[in-house]
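Here are the chains, one letter per residue:
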Amino acid sequence: MAKRALVSVSDKTGLVDFVKGLQQAGWEIIATGGTQKLLEDSGVHTIGISEVTGFPEICDGRVKTLHPKVHGALLARRDEPSHLQALKENGISFIDLVCVNLYPFKQTIAKEGTTMAEAIEKIDIGGPSMLRSAAKNYNDVTVVCDPADYDRILAEIAAEGNTTLATRLELSAKAYTHTAQYDCCIATYMRNAAGLNEKLFLEYDLKQSLRYGENPHQDAKFYAATEAVPFSLATAKQLNGKELSYNNIQDANAALNIVREFGDVPFCVGLKHMNPCGAAIGKDVVEAWSKAYEADKVSIFGGIVATNCELTREAAELMKPIFLEIIMAPKFSEGALEVLCTKKNLRLLEVNMDADTKKHMQYVSVNGGLLAQQLDTTTKAVTADMCVTEPKPTEEQLVDMQFAWRIVKHVKSNAIVVVKDGRTYGVGAGQMNRVGSAAIALKQAEEALAAEGKDIRKEGLVMGSDGFFPFGDSVESAAQYGIAAIVQPGGSVRDEESIEAANKYGIPMLFTGMRHFKH
């Protein structure tokens, strides 16, 4: 008796050639609805599903394959006499291959304006049932849900008369993965509609296995979300250099989150250990890079650079002499590639930096659990009416406070930055108290200015803090170094102490009302 294949697909890519290959191998083809029409129009003889079941498709096609003559034919064990007897008594013939892919539910709900009624009609019932039945009985049945597998299956059938057991097992696992992903998408959609949140379903695909994790003794892998988003390494195009490491990915992601803040002006940041060591805006990428590099020539060694501008040959020539791990940009000019690709290990990543207004979730694993929060992409504009002190900021100071506020939110807490003219001079990160972070940032700024032959107390620098000052001591420290203006969230029960200190030293201080802790 000829082997039989049941074909019912939404994605018809490569289907006609696949089915013709099965027919040439002597297989009979059973098909449903639109699949049957396509095949018949292409000159492929098929058996309609109703001829097999003896029952018409009903309910607008909602019910067509949910029948014992389909599922008995798929699930019956060929080595079990009672199963064979049951099929014989009920006039059921084996189905040896199922080729099914599912209604496009995910694509439907991705369309703006899709209604619940429209979405529900794209929930496949018969398709997943057939896939699961065929996959369960992989010992005898080949299950196909991906057009990418068509050629391999035809090759095995041509060579052996059937697929190998090893292939059927692999295809079974693939089918269950396919239905699991499909059900996860539906469950998430329906749960969101019902306002339920006690379960979390996530879907990621393996992008690459990494040589190791944070340290050589730790195994690691990089998984990518199935939905492409801007400012993501998962979809970045690597133009040069060796593979990214675990730490590279962490650092590069932190750099991209900083670049995201500056869609309105040329910007460049150098980063080490997930903290910016130098950041600056400029009239073009050359000036932005030059200022960022001058901010901390020592720490940038072995670091990561990211810019929101096309990287030009001139900028590349300035970067080339410095040991860098990664350079990221939305585009590299041909000249820049000619310059930088001579360094075989330097990773060059072209990253989509399109504006993105969607709210994205951030997930962090903890022992035995997972933390989820919205990604911190909101940054308040710094305005004069936020001033809480008697001294008021100048327009120039407001511009620098806006820059400081955008940067400090991406520095590990407790975080302090010191800036002027759109450039960082000092960055204090990750200290156990805010005075300690302030001391690091102020000392770093003092040394940077001294190297230029300048006195920090005369430069009118601006300080930014990611959290409120719990006491007036941070303002006292700032005053000793000549800080000219401060921006911070406010919200301490001792805010008045900070305000009094700022008034005492004639320092304008702004409260944004928004905290940006980064742990």
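Residues numbered from 1 in each chain as written. Predicted model: local features only at pLDDT ≥ 70, side-chain atom pairs only at ≥ 80, totals over all residues. Heavy atoms only, no water.

Colleague: Where do I start with the pairing of strand β13 (residues 347-350) in this structure?
Modeller: Successive residues of a regular strand alternate their side chains across the two faces of the sheet. One ladder, built from three bridges, connects strand β8 (residues 237-240) with β13; its direction is antiparallel. Bridging across to β13, Lys-237 finds its partner in Glu-350. With four bridges connecting them, strand β12 (residues 324-329) and β13 associate as parallel partners. Paired with Ile-326 across the strands is Arg-347, a residue of β13. Assessed by its sense of winding, the connection that carries the chain from β12 through helix α14 (residues 334-340) to β13 is right-handed. (Pairing = 2+ DSSP bridges. Helix = DSSP H or I, 4+ residues; strand = E, 2+ residues; numbered from the N terminus. Right-handed = clockwise from strand over helix to strand, strands pointing away.)

Colleague: Would you take a moment to explain the state of the cysteines for this structure?
Modeller: By definition, a disulfide links the sulfur atoms of two cysteine residues through a covalent bond. Under the definition given, this model contains zero disulfides. Residue Cys-268 stays outside any disulfide, its sulfur separated by 8.3 Å from that of Cys-309, the closest cysteine. Looking at Cys-268, the relative accessible area reads 0%, which means it is buried. (Disulfide = S-S within 2.5 Å. Buried < 20%, exposed > 50% of the residue type's maximum accessible area, 1.4 Å probe, protein only.)

Colleague: Looking at this model, I keep getting lost on the pattern of salt bridges. Mind explaining?
Modeller: Two side chains carrying opposite charge are able to pair once their charged atoms lie near each other. Taken as a whole and assessed by the stated rule, the structure comprises 23 salt bridges. With a shortest N-O distance of 2.6 Å, Arg-347 and Glu-325 are connected by a salt bridge. Of this pair, Arg-347 sits in strand β13 while Glu-325 is found in strand β12, placing the two residues 22 residues apart along the sequence. For Arg-347, a relative accessible area of 2% corresponds to the buried category. Relative accessible area serves as the criterion here: at 22%, Glu-325 is assigned to the partly exposed category. Taking the shortest distance from any N to any O, the salt bridge between Lys-420 and Glu-459 comes out at 3.5 Å. Here Lys-420 is found in strand β16 (residues 416-420), whereas its partner Glu-459 is found in the loop between α16 (434-451) and β18 (462-465), with 39 residues between them in sequence. (Salt bridge = Lys/Arg side-chain N within 4 Å of Asp/Glu carboxyl O.)

Colleague: Just checking my understanding: could you explain the nonpolar core for this structure?
Modeller: Judged by nonpolar contacts, the single largest core of 49 residues is most densely connected at Leu-22, Leu-97 and Cys-99. At six residues, helix α10 (residues 165-194) tops the list of elements feeding residues into this core. Setting aside its immediate chain neighbours within four residues, Leu-97 contacts Arg-4, Ala-5, Leu-6, Phe-18, Leu-22, Trp-27, Val-141, Thr-142, Val-144 and Ile-153. (Core = buried A, V, L, I, M, F, W, Y, C linked by side-chain atoms within 4.5 Å. Contact = heavy atoms within 4.5 Å.)

Colleague: Any chance you could explain the packing of aromatic side chains here in plain terms?
Modeller: The geometry of an aromatic ring pair comes down to the distance between the two centres and the angle between the two planes. A complete count under the given rule lists six aromatic pairs for this structure. Linked through ring pairs, Phe-262, Phe-267 and Phe-403 together constitute an aromatic cluster. The ring centre of Phe-94 lies 3.7 Å from the NZ or CZ of Arg-78, which sits over that ring. For the cation-ring pair, Arg-423 lies above Tyr-425, with the distance from its terminal atom to the ring centre recorded as 3.8 Å. (Phe/Tyr/Trp six-rings, centres within 6.5 Å; stacked < 30°, edge-to-face > 60°. Lys NZ or Arg CZ within 6 Å of the ring centre and 35° of its normal.)

Colleague: How should I be thinking about the side chain of Arg-168 in this particular structure?
Modeller: Following the sequence through the fold, Arg-168 ends up in helix α10. Comment: no salt bridge for buried Arg-168; closest opposite-charge side chain is Asp-140, at 5.7 Å. There is a polar contact of 3.0 Å between the side chain of Arg-168 and the backbone oxygen of Asn-139. At 2.4 Å, the side chain of Arg-168 forms a polar contact with the backbone oxygen of Thr-163. The contact partners of Arg-168, leaving out residues within four places of it in the chain, are Tyr-138, Asn-139, Asp-140, Val-141, Thr-142, Asn-162 and Thr-163. (Lys, Arg positive; Asp, Glu negative; His and termini not counted. Polar contact = N/O pair within 3.5 Å; in protein donor to acceptor, adjacent residues only side chain to side chain.)

Colleague: Help me understand the pairing of strand β2 (residues 28-31), please; the structure alone is not making it clear to me.
Modeller: Relative to β2, strand β1 (residues 4-8) runs parallel, the two sharing four bridges. Paired with Leu-6 across the strands is Ile-30, a residue of β2. In the sheet, β2 pairs with strand β3 (residues 47-48) via two bridges, with the strands oriented parallel. For Ile-30, the partnering residue across the bridge sits in β3 and is Ile-47. Since β2 and β3 lie parallel, the crossover through helix α2 (residues 33-41) that links them has a hand, and here it is right-handed.

Colleague: Please clarify how the sheet that holds strand β4 (residues 97-100) should be interpreted in this entry.
Modeller: Strand pairs in the sheet, formed through backbone hydrogen bonds, run parallel or antiparallel to each other. The strand order across the open sheet built from five strands is β3-β2-β1-β4-β5, with neighbouring strands paired in parallel fashion. If you trace the sheet from one side to the other, it starts and ends with β3 and β5 (142-144), each paired once. Here β4 pairs with β5 via three bridges, running parallel. Bridge assignment links Cys-99 to a residue of β5, and that residue is Val-144. The strands touched by helix α8 (residues 126-136) are β1, β4 and β5; relative to β4, the strand with the most contacts, the crossing angle is about 145 degrees. (Axes fitted to C-alpha atoms, helices over the stretch in contact; angles between N-to-C directions.)

Colleague: Please explain the environment of Lys-291 as it appears in this structure.
Modeller: Within the secondary structure layout, Lys-291 lies in helix α12 (residues 285-295). Put simply, Lys-291 and Arg-423 are 132 residues apart on the chain and 6.4 Å apart in space, counted from C-alpha to C-alpha. If we ignore the near neighbours within four places in the chain, the residues touching Lys-291 are Ala-280, Ile-281, Asp-421, Gly-422 and Arg-423. Polar contacts involving the side chain of Lys-291 include one to the main-chain carbonyl oxygen of Asp-421, which spans 2.7 Å.

Colleague: I tried to follow the packing of helix α17 (residues 473-480) against helix α18 (residues 495-505) on my own but got confused; where do I start?
Modeller: Between two packed helices, both the angle of their axes relative to each other and the distance between the axes serve to describe the pair. Contact geometry for α17 and α18: axes closest at 8 Å, N-to-C directions at 20 degrees. In terms of orientation, α17 and α18 fall into the roughly parallel class. For the crossing formed where α17 meets α18, the hand is right-handed. Contacts between α17 and α18 involve Val-475, Glu-476 and Ala-479 from the former and Ser-498, Ala-501, Ala-502, Lys-504 and Tyr-505 from the latter. Grouping the constituent residues of the contact of α17 with α18 by class yields five nonpolar, one polar and two charged. (Parallel < 35°, antiparallel > 145°, perpendicular 65-115°, else oblique. Left-handed = near helix turned anticlockwise from the far one by under 90°. Nonpolar A, V, L, I, M, F, W, Y, C, P; charged D, E, K, R; others polar.)

Colleague: When you look at α18 in this model, what are you seeing that I'm missing?
Modeller: In an α-helix, one turn spans 3.6 residues; hence positions three or four apart end up facing the same way. All of the buried residues along α18 are Asp-495, Ser-498, Ile-499, Ala-501 and Ala-502. For α18, the angular spread of the buried residues around the axis is 160 degrees, confining them to a single face. Away from the buried face of α18 by more than 90 degrees, exposed residues Glu-496, Glu-500 and Lys-504 are located. Of the surrounding elements, those touching the buried residues of α18 are α17, β19 (485-488) and β20 (509-511). Phi for Gly-506, located one or two positions after α18, is positive at around 70 degrees. (Arc of directions from axis to C-beta.)

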